[in-house]
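# Working through the structure, step by step
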Amino acid sequence: MEKIKLDVQALDLFFGKKQVLKNIHLSIPEGKITALIGPSGCGKSTLLRSINRLHDLHPDARLMGKILLDGHNILHRNTNVVHLRRRVGMVFQKPNPFPMSIAENVAYGLKINALCSKSEMRARVEQSLRNSFLWEEVADDLDKSALELSGGQQQRLCIARAIAVEPEVILFDEPCSALDPISTAKIEELIMGLRGKFTQVIVTHNMQQAQRVADYTAFMYLGELIEFGETRQIFEKPQQELTKNYVSGHFG
Amino acid sequence: MKSRFFWDTFFNKTLSAAALVSVLTLAGIFLLLLYNGLQAFSTIDIAEFLSAAPWNPAAYDAPVFGIGAMLFSTLIVTFGSMLIAVPLGIGTAAFLSEMASPRLRNLLKPAIEMLAAIPSVVIGFLGIVLVAPGLAQVFDLPNGLNALNGSILLAVMALPTLISVSEDAIHAVPDYYKEASYALGANRWETLLRVTLPACKSGVLAAVMLGLGRALGETMTVLMATGNATAMPHSIFDPVRTITATVAIEMGEVPFRTPHFYSLFACALVLFLITLGVNIAAERLAARLRKKGQ
Amino acid sequence: MRRPLFFLLPLLFVQCSHPQVETVVLKGSDTELNLVLQLAEAYMEAEPGVSISITGGGSGVGIAALLNGKTDIANSSREINAYETAMAYERGVQIEPFIFAADALAIIVHPSVGLDSLSLHDLGKIYAGEIRDWSQLGGKPGPVSLYGRQSNSGTFTYFRERVLKRDFSPDLKQMNGTSQILEAVKADPGSIGYVGLGYLTDNNGALREGIRVIRLARTNGEMAVSPLDQNMVYAGLYPLTRPLYQYTNGVPEGKTKTFLEFENSPAGKKIILENGYLSAREAGLAGNLEK
Ligand SMILES: Nc1ncnc2c1ncn2[C@@H]1O[C@H](COP(=O)(O)OP(=O)(O)O)[C@@H](O)[C@H]1O
Ligand SMILES: [Mg+2]
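Since the model is a prediction, treat every value here as computed from it, not as a measurement.

## Points about the interface of chain A and chain B
Between chain A and chain B, the contact holds 26 residues from the first and 19 residues from the second. When the two sides are added together, the surface that chain A and chain B hide from each other amounts to roughly 2,000 Å², 65% of it contributed by carbon and sulfur. Where chain A meets chain B, there are one salt bridge. The residue E179(B) makes a salt bridge to R49(A) at a minimum N-O spacing of 2.5 Å.

## Quick notes on the site of ligand 1
All names here are of chain A. The local shell around ligand 1 consists of F15, K18, V20, S40, G41, C42, G43, K44, S45, T46 and H58. One of the backbone N or O atoms of G43 is found 3.0 Å from an oxygen atom in ligand 1. Between T46 and ligand 1, the recorded distance is 2.4 Å, taken from a side-chain N or O atom to an oxygen atom. Protein chains bury 65% of the 560 Å² of accessible surface belonging to ligand 1 in isolation. Secondary structure elements with two or more residues in the shell around ligand 1: β2 (18–29) and α1 (44–51). A class-by-class count of the residues in the shell around ligand 1 yields three nonpolar, six polar and two charged.

## Brief notes about unusual backbone geometry
Its identity as a non-glycine residue notwithstanding, L222(A) has a phi of 50°, on the positive side. The backbone of N228(B) sits at a positive phi, close to 55°, despite the residue not being glycine. Within the secondary structure, N228(B) is located in the loop between α10 (220–225) and α11 (243–251). For N228(B), a relative accessible area of 0% translates into the label buried.

## Concerning the side chain of Q246(C)
Residues and elements named next belong to chain C. By secondary structure assignment, the location of Q246 is in strand β11 (residues 241–249). Q246 sits in the buried class, given a relative accessible area of 0%. The contact partners of Q246, leaving out residues within four places of it in the chain, are L26, E32, V36, I73, A74, N75, E96, P97, F98, F100, L260 and E263.

## Brief notes about the pattern of salt bridges
Per the stated rule, a full pass over the model turns up 34 salt bridges over all chains. With its nearest N and O atoms 2.9 Å apart, the salt bridge here joins R78(C) to E84(C). Looking at R78(C), the relative accessible area reads 6%, which means it is buried. Judged by its relative accessible area of 6%, E84(C) is buried. Where salt bridges share partners, they join K3(A), K5(A), E30(A), D70(A), R87(A) and E168(A) into one cluster.

## Brief notes about a nonpolar patch on the surface
Residues and elements named next belong to chain B. Together, V121, V122, F125, L126, V129, L130 and M220 line one region of the surface with nonpolar side chains, adding up to about 580 Å² of accessible area. Examining the composition of the nonpolar patch, we find that six residues originate from one element, helix α5 (residues 120–138), more than from any other. The topology assignment puts L130 in helix α5. Assessed through its relative accessible area of 58%, L130 is described here as exposed.

## Considerations on the domain arrangement of chain C
All names here are of chain C. The domains assigned to chain C are domain 1 (5–102 + 243–274) and domain 2 (103–234). Relative placement of domain 1 and domain 2: their C-alpha centres are 31 Å apart. Across the boundary between the two partners, domain 1 contributes 13 residues, which contact eleven residues of domain 2. Carbon and sulfur atoms make up 45% of the area that domain 1 and domain 2 hide from each other, which totals about 830 Å². Linking domain 1 to domain 2 there are one salt bridge. A salt bridge links R149 to D30; the shortest N-O distance between them is 3.3 Å. Linking domain 1 with domain 2 are three residue pairs in polar contact (both at pLDDT 80 or more). Among the secondary structure elements, those contributing two or more residues to the side of domain 1 that touches domain 2 are α2 (30–46) and α3 (59–67). Looking at the side of domain 1 that touches domain 2 residue by residue, the classes come out as four nonpolar, seven polar and two charged.

Rules used throughout
Residues numbered from 1 in each chain as written. Chains lettered and ligands numbered in written order. Predicted model: local features only at pLDDT ≥ 70, side-chain atom pairs only at ≥ 80, totals over all residues. Heavy atoms only, no water. Contact = heavy atoms within 4.5 Å. Buried area = accessible area lost by both parts, 1.4 Å probe. Salt bridge = Lys/Arg side-chain N within 4 Å of Asp/Glu carboxyl O. Near = heavy atom within 4 Å. Polar contact = N/O pair within 3.5 Å; in protein donor to acceptor, adjacent residues only side chain to side chain. Areas by Shrake-Rupley, 256 points an atom, 1.4 Å probe, with all protein chains shown as cover. Helix = DSSP H or I, 4+ residues; strand = E, 2+ residues; numbered from the N terminus. Nonpolar A, V, L, I, M, F, W, Y, C, P; charged D, E, K, R; others polar. Buried < 20%, exposed > 50% of the residue type's maximum accessible area, 1.4 Å probe, protein only. Patch = residues over 30% accessible without salt bridge, like charges linked within 9 Å, V, L, I, M, F, W, Y side chains within 5 Å. Domains from an automatic or database assignment.

Put into structure tokens, the structure is as follows:
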């Protein structure tokens, strides 16, 4: 059995009075790619955002239960959120590079966290861009605004920005839903290339994508985790009726 | 069908007419200023007009028409007010938008906007009875009616617009920028300074320009609160007389169509050109920021 | 549904048959404003058919309004100047002057200045910026801080003609009104200012605190007179006694005339004296309506 990087235990989440996550138990193995699937509105993004505590920004969100990162509960009030977020990076559904130059985007996290000296900066930026397969395309335009890139390039830039700070976990929230098939293929290739280096969790509503990239898959429905297992098992031999209906395309 | 077409044409024509009226009014004002202002120079030497010789059109012997000291005074009072209002205004806007609870924000923002409705005479009055004596005490001055007093009062007047408009701009920055920044380990302060504010700098610049415009053109407050000495000021603690105050004080007493009368139009023209220049510069800068940014 | 309109018709006639309210417009000197307001109130009470509208802005503003045909009477605390006279001639305005009261201009200083009398000559030097430290006149050492009115005030011009005969120092702090001068002089240790006699006393007639009233001498060495010494002032010995003018376009007629006459009546004089001003005749200046 692999080492467990993230362990979600009995997690409940409310927005005001509305319960959005119900008693979630989920163990995410280190270095692997785990997919979260389920119909729209079932709580996938909400679960993902709990893992780097983005709900802190919402005054009416309440969480109960535990999320252990290497055995430490990140929901504990003494957790240093800034430090946590540096260890757990995130790539969002809509590509969201900052309105700055390409190089500044990648350097942002490094500067904020003072992770390297000025002289190392350029090399780190280049390395991150290479790792996200963007270097060849932007090497001559590092000072150009990131907003002039295409959607697919922007999303790869966001990945470069996330990996530049060398997190341990990267969370992807439907990273390809706004992209064309060619850009999607590039991103998938990129995610698979990062397997082993990072623990990756990817939310997707595209079941082919989950099958192509993920080692493990979790199926959620109406705020509950219905089933979790190796990707092949979830898609070929689902244990639950609901999972079976969903992966065979009978609803959703 | 026919009636819809009629209404469409009707609105189209009405709106064009409204736009035309505004443009013609503005052009008319400008031409009036230009026509009357330029006539001043048929009797007044333009070099004298632009010099620092103290303005004294009703002098005991020969009238002196030097706008230099007033121009400088106008600039230091305005610049000073921006030095106070810009950090304070943007800080308040950022607090309201990013830190305050929605309830506090919904309470404070309308309250601040209502400050804009305070008539300038009231601000000037407060300057005379409250701020000026306070300044005199704090800085151990014989009298607090000086450039600094004007700057403070103008800052107070510029703040409501500045806060309201820049709060709108900051608030309009999409959450996904902020979330991306937080997700990289930035705290609220870093996110505000490095992501949120840069992302809305053209909006914030517009807010600053509106405030600057208000400060440059304000008459009543500076007339009441700055001491109105025509000498060239040497520090912010000297009394000053701005261009607006001069026009306001003298326009009432001047017989029409005299050199003094035209010279006041020339003053107004100078003020107009400054405001125009500032606005054009701001427009250019904002356009450039927009191109680089969002 | 037309009936109600017919009902209203007689009302219209009633309105028209009412004698029209006559309005007299006065504009100008802020020094005179308070006094003229009180005179006007008393006059309107005596003659209900007349409405008098008074605004300030300064003597220059009043005379300019008269030249521009915007007022019936221009209040002015200074004499019309040559430039304005020429302007009036050019525009066919027939300037008629009236002196309805007089005012003594008091010189006040902060008590710490350490002087209680000055000659007109030295006063001029002070306001022209030639004397910049009180020690030059034997006062307590310290810089002179000048207070006066804005250039649209008649007091500004009167003071310049009578005392300076040259330009004010550009360091003169130009206040919006006499009360502001008074407050500033109280607060500023090296200060000097000029105010109308009426402003020296409060509502109960007591001398205001925190200021010192300077005795003035016509020339160096001559006897210095305080503006508070009524006998000396009435004897014409206080050097800064000035007439308060009202100007009209042409010989006044109608209600403008009756108002000017009211000011000169015993009732009018009483109001003038009560407000701390001098009636024109007592101050040695004749009002022209009697002339
Ligand atoms: N900030 C919020 N306030 C209230 N309800 C929310 C908020 N965010 C999400 N929700 C609700 O939580 C549920 C789960 O949303 P989400 O996690 O975005 O679903 P998914 O990503 O699976 O499509 C939805 O019903 C959504 O309306
Ligand atoms: Mg989602």
